[in-house]
Amino acid sequence: MSNRFKVAVVGATGAVGETMLSILAERKFPASEVIALASERSAGNKVDFGNHKLTIQDLATFDPTGVDFALFSAGGDISREYAPKFAAAGAIVIDNSSAFRMDADVPLVVSEVNPEALDSIPRGIVANPNCSTMQMVVALKPIHDAVGITRINVATYQSTSGAGRSGPEELGRQTAALLRFEDPNPTRFPVQIAYNLIPQIDSFTDNGYTKEEMKLVHETRKILGDASIQVNPTAVRVPVFFGHSEAVHLETRDKLTAAEARALLEKAPGIEVVDNPANGEWPTPVTHASGSDPVYVGRIREDISHPRGLSLWIVADNIRKGAALNAVQVAELLAAKRG
């Protein structure tokens, strides 16, 4: 890859933005320049980029002319306002918000699953899926290609970092308060999250499912290119700092044994199989996912309640593979096309 590219990271002070910068440096992305952008109140501050510091610039006054790739992680409203401006100036925008995911003319891409969707980017915008969708489809892609998936029942166990930097801060604060026998005082979440589970992420829709749950429905179908897949999700916030977990139960068109599924997953890109229950080996967010890049899969077994059923336990770092890493991987794929 001979070309070098001018890269902007929008939302550079957030947890995902900081991780995007870290991963760009770790993976030695071929950048001639990396620009950190955030709101006016952060302008002038410094942010880490490998062994260097970048001075944060004000997004509102920044001229995007000459930017090749713009990685956005600043929320849907910012993306809707600024992503089209960067695209109009010639940049390819890789957006981590939900603003454009379901637009028919915006590819929704997971690097290991549907890179061919990058062949057409009519608006100059590529969407990153929701973190819980991301890790699930990485694991389901080889199974769907082999035997077809007709139905997915999934319960997600999503860490507090999925709610932004304030999520883990509240978990830590509440845990400390409760150990001192003090009031946990919920502010970021509707009820206490420490030592608790909250069966609601985002607001409810008319069908009784939350917006977070419906993302799993619509995004899975779009990424796998199969609108017939039925998805029944339940999203739960759990008292974990980093790393989302999912209990996934599949119904397939053709029979696939657990051994066959395991063999497919062991060969699939981006996946690490950790599945030896007899020795207490199965993936967890703390011991495997946090700070790591792979999607981990374990508890692979045939569903005793369905003749063509499979059950999986899927774990990944929601900030890395669930957001920042995939955005960088998409940029790498696009850079390779140009270089």
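Quick note: structure is the one above.
This structure is a prediction, so every number in the text was calculated from the model and none was measured. (Residues numbered from 1 in each chain as written. Predicted model: local features only at pLDDT ≥ 70, side-chain atom pairs only at ≥ 80, totals over all residues. Heavy atoms only, no water.)

Taken in spatial order, the six strands of this open sheet run β10-β9-β11-β14-β13-β12, and their pairing is mixed. Of all the strands in the sheet, just β10 (230-237) and β12 (271-273) have a single pairing partner and so form its edges. Averaged over neighbouring strand pairs, the angle between their axes works out to 20° when direction is ignored. In this structure, strand β13 (residues 295-302) lies alongside strand β14 (residues 309-316), joined through five bridges in antiparallel fashion. Along β14, the bridge assignment pairs Gly298 with Trp313. (Pairing = 2+ DSSP bridges. Helix = DSSP H or I, 4+ residues; strand = E, 2+ residues; numbered from the N terminus. Axes fitted to C-alpha atoms, helices over the stretch in contact; angles between N-to-C directions.)

Residues Phe69 and Leu71 line one face of strand β6 (residues 69-72) and the alternating positions Ala70 and Phe72 line the opposite face, and both faces are buried. Alignment of β6 against strand β7 (residues 92-95), held across four bridges, turns out to be parallel. What sits directly across from Ala70, in β7, is Val93. Handedness of the β-α-β unit built from β6, helix α2 (residues 76-88) and β7 comes out right-handed. (Buried < 20%, exposed > 50% of the residue type's maximum accessible area, 1.4 Å probe, protein only. Right-handed = clockwise from strand over helix to strand, strands pointing away.)

As a further point, take helix α4 (residues 166-179). A rise of 1.5 Å per residue sets the reference length of α4, with its 14 residues, at 20 Å; its end C-alpha atoms lie 20 Å apart and thus fit the reference within 8%. Looking at α4, one finds that the buried residues are Gly167, Pro168, Glu170, Leu171, Gln174 and Ala177. Phe181 sits one or two positions beyond α4 and adopts a positive phi of about 60°. (Expected span 1.5 Å × (residues − 1).)

Taken as a whole, the largest pocket encloses approximately 1200 Å³ of empty space. When residues of the lining of the largest pocket are traced back to their parent elements, those giving at least two are α1 (15-26), β2 (31-38), α2, α5 (211-224) and α8 (320-338). The volume enclosed by the second largest pocket comes to roughly 180 Å³. Every residue lining the second largest pocket is listed: Ser98, Arg101, Met102, Asp202, Lys211, Met214, Lys215, His218 and Glu219. For the lining of the second largest pocket, the per-class residue count stands at two nonpolar, two polar and five charged. (1 Å grid on protein atoms, 1.4 Å probe; cavity = no way out; pocket = protein on both sides within 12 Å on 5 of 7 lines; lining within 4 Å. Points joined across faces, edges and corners; volume = space filled by probe spheres on them. Nonpolar A, V, L, I, M, F, W, Y, C, P; charged D, E, K, R; others polar.)

Mapped onto the elements, Asp317 comes out in the loop between β14 and α8. Nearest to the buried, unbridged Asp317 among oppositely charged side chains is Arg320, at 5.3 Å. Within polar-contact distance, the side chain of Asp317 engages the backbone nitrogen of Gly291 at 2.6 Å. Polar side-chain contacts of Asp317 include one of 3.0 Å to the backbone nitrogen of Arg320. (Lys, Arg positive; Asp, Glu negative; His and termini not counted. Salt bridge = Lys/Arg side-chain N within 4 Å of Asp/Glu carboxyl O. Polar contact = N/O pair within 3.5 Å; in protein donor to acceptor, adjacent residues only side chain to side chain.)

Let's shift gears to the side chain of Ser292. By secondary structure assignment, the location of Ser292 is in the loop between α7 (285-289) and β13. In this structure Ser292 touches Asp317 and Arg320, once residues within four positions along its chain are discounted. (Contact = heavy atoms within 4.5 Å.)

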